[in-house]
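What follows is the residue order along each chain.
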Amino acid sequence: MRILVGYDGSEPAKRALQRVADMAGPDDEVLVVAVAEMHARAVLTEGAQLDPSELPKRRRDLEEANAFLAERGVEAETILAQGEPGDAIVKIAHERDADLIVVGHRGMNALERILLGSVSSKVVHRAPCDVLVVH
């Protein structure tokens, strides 16, 4: 089975990573995806730009996730993507033919989900495979 897990270093993401460590077998392939987000510029005509601090943060997240999994005997491939996290996770799941996506749930209320967007909701509704949302 090819298992893709979204990881951003948050507590919900750590719970998702723990679940993957618990469930991954020796024949499973684990892909850990961290997404450097684009942020809208003040002047809309300039479009969205990558915050320069995002890439080093996400690289550290991937190193942390890889070390966590390695301590538990799970080998993983790490993938650094750019863009909107939900879209990037779904795109990589399509490209890599994932069998399962695992994401953490932040516990946002309805208004927060509307204003901020929910990565887990987007993934659940657009994924090409099964999705496990870890609470």
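Please refer to the structure placed before this passage.
My aim in this report is to walk through the structure given alongside it, one point at a time.

Reading the values: the criteria
Chains are numbered independently. Their residues run from 1 in the order of the written sequence. Residue-level local features of this predicted model are given only where pLDDT is at least 70; pairs of side-chain atoms are given and counted only at 80 or more, and the full residue set underlies all totals for whole chains, interfaces and linings. Here the side-chain values reflect all heavy atoms present in the structure, with hydrogen atoms and water set aside. Secondary structure elements follow DSSP: runs of H or I of four or more residues count as helices, runs of E of two or more count as strands, with numbering from the N terminus. With a 1.4 Å probe rolled over the protein chains alone, any residue whose accessible area is under 20% of its type maximum counts as buried; one over 50% counts as exposed, and the rest are partly exposed. It only takes one pair of heavy atoms within 4.5 Å for two residues to be counted as in contact. What makes a salt bridge here is a side-chain nitrogen of Lys or Arg within 4 Å of a carboxyl oxygen of Asp or Glu, nothing more.

### Considerations on the overall build of the protein
Consideration 1: A tally of regular secondary structure across the protein gives 5 helices and 7 strands.
Consideration 2: Each helix (α) and strand (β) of the protein, taken in turn from the N terminus, gives the series β-α-β-β-β-α-β-α-β-α-α-β.
Consideration 3: Here the protein holds 135 residues, and the buried ones make up 39% of them.
Consideration 4: For the protein, long-range pairs separated by at least 24 residues make up 72% of all intrachain contacts whose partners lie at least 6 apart in sequence.

### Observations regarding the pattern of salt bridges
Consideration 1: If you walk through the whole model with that rule in mind, you get 11 salt bridges.
Consideration 2: Note that Arg126 and Asp87 form a salt bridge whose closest N and O atoms lie 3.0 Å from each other. Taken together, the residues span a long stretch of sequence, with Arg126 in helix H5 (residues 119–126) and Asp87 in helix H3 (residues 85–95) at a distance of 39 residues.
Consideration 3: With relative accessibility at 35%, the residue Asp87 sits in the partly exposed group.
Consideration 4: In the salt-bridge network here, residues are joined through shared partners; they are Arg2, Glu29, Glu77 and Arg96.

### Structural notes on the side chain of Ser120
Consideration 1: Here Ser120 lies in helix H5.
Consideration 2: Not counting residues within four places of it along the chain, the set of residues in contact with Ser120 comprises Val103, Gly104, His105 and Val133.

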